[in-house]
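Summary of the model geometry
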Amino acid sequence: MSNVLADRFRRWFQYENDVHGRVLNSLDSVPADRRESDEYRRAVDVMAHVVAARGVWRRRIEGTSRPQDSSFPKGNTLEGVRSAWAETVPEWTALLQSLDDEALARGVDYRSLDGSPFSNTVEEILTQLFGHSSYHRGQIAMLVRAAGGEPVMTDYIFWLRG
């Protein structure tokens, strides 16, 4: 069986794992006296959303989604978000290792957070997740800068040059 596309998604997850770690570390650059600012709190909550959405989508792909799933946690701590991300890494690594190109074409039936039924392929879901993360990393970078911290470069091409 071909694994060209599956290998590409595994590589993209390595990239995301690395840059998400960098984003979490960039939140440490916010001065202590600005860690209660709206910008800092929103940045932490946006990263918590990225992590929570990963969990929701993984469970959908695995067929284990729960009605109480939410991808918009509020009032998070940086340590809690770091811990939640660390928990997702082995789960996603295992899921991605189990996929081949044929499995990427499999349809996934699920309900959105408002209860509406949908169906997408695993490939479409993974593509969505990578775009979703990139979008929110940009938001976090702006919030970190506004809170007085130093955002990090998370562009894929820069990571490849690493």
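None of these values were measured; they are calculated from a predicted model.

Thresholds applied
- Residues numbered from 1 in each chain as written.
- Predicted model: local features only at pLDDT ≥ 70, side-chain atom pairs only at ≥ 80, totals over all residues.
- Heavy atoms only, no water.
- Helix = DSSP H or I, 4+ residues; strand = E, 2+ residues; numbered from the N terminus.
- Rg over C-alpha atoms; globule rule 2.2 N^0.38 Å.
- Buried < 20%, exposed > 50% of the residue type's maximum accessible area, 1.4 Å probe, protein only.
- Contact = heavy atoms within 4.5 Å.
- Axes fitted to C-alpha atoms, helices over the stretch in contact; angles between N-to-C directions.
- Parallel < 35°, antiparallel > 145°, perpendicular 65-115°, else oblique.
- Left-handed = near helix turned anticlockwise from the far one by under 90°.
- Nonpolar A, V, L, I, M, F, W, Y, C, P; charged D, E, K, R; others polar.
- Phe/Tyr/Trp six-rings, centres within 6.5 Å; stacked < 30°, edge-to-face > 60°.
- Lys NZ or Arg CZ within 6 Å of the ring centre and 35° of its normal.
- Salt bridge = Lys/Arg side-chain N within 4 Å of Asp/Glu carboxyl O.
- Expected span 1.5 Å × (residues − 1).

With that out of the way, let us pick up the overall build of the protein chain. Across its full length, the protein chain holds six helices and two strands. Along its sequence from the N terminus, the protein chain presents helices and strands in the succession α-α-α-α-β-β-α-α. On C-alpha atoms alone, the protein chain measures out to a radius of gyration of 16 Å, which is about the 15 Å that the 2.2 N^0.38 rule sets for 162 residues. Judged by the C-alpha coordinates and their principal axes, the protein chain covers about 55 × 40 × 20 Å. For the protein chain, buried positions account for 43% of its 162 residues. When contacts within the protein chain are restricted to residue pairs at least 6 apart in sequence, long-range pairs at least 24 apart make up 75% of them.

Okay, the packing of helix α1 (residues 4-27) against helix α2 (residues 38-62) next. Relative to each other, α1 and α2 sit at 155°, their axes nearing to 11 Å. In terms of orientation, α1 and α2 fall into the roughly antiparallel class. Considering the relative orientation of α1 and α2, their crossing is left-handed. Residues Phe 13, Glu 16, His 20, Val 23, Leu 24 and Leu 27 of α1 lie in contact with α2, whose contacting residues are Tyr 40, Ala 43, Val 44, Met 47, Val 50 and Arg 54. Looking at the contact of α1 with α2, its residues break down into nine nonpolar, one polar and two charged.

Another point: the packing of aromatic side chains. For the coordinates displayed, the defined rule picks out 10 aromatic pairs. The interplanar angle of 25° and the centroid separation of 6.4 Å between the aromatic rings of Phe 13 and Trp 92 together place this pair among those described as stacked. Of this pair, Phe 13 sits in helix α1 while Trp 92 sits in helix α3 (residues 78-97), and the two are 79 residues apart along the sequence. The class for Phe 13 is buried, based on a relative accessible area of 4%. Above the face of the Phe 130 ring, Arg 54 is positioned so that its terminal group lies 5.0 Å from the ring centre. Looking at Arg 60, its charged tip hangs above the ring of Trp 57, at a distance of 4.4 Å from the centre.

This part takes up the environment of Trp 57. By the secondary structure assignment, Trp 57 is in helix α2. Sequence separation between Trp 57 and His 132 is 75 residues, and the spatial gap between their C-alpha atoms is 12 Å. Ignoring sequence-local partners within four residues, the contact set of Trp 57 consists of Trp 92, Tyr 110, Ile 125 and Leu 129.

With that settled, the discussion passes to the pattern of salt bridges. Taken as a whole and judged by the stated rule, the model has nine salt bridges. Between Arg 54 and Glu 16 there is a salt bridge, with its nearest N and O atoms 2.2 Å apart. Here Glu 16 lies in helix α1 and Arg 54 lies in helix α2, a separation of 38 residues in the sequence. Both residues of the pair, Arg 54 and Glu 16, count as buried.

Given a rise of 1.5 Å per residue, 25 residues ought to cover 36 Å, and the 36 Å separating the end C-alpha atoms of α2 matches this to within 8%. Counting buried positions over the 25 residues of α2 gives 20, a clear majority of the element.

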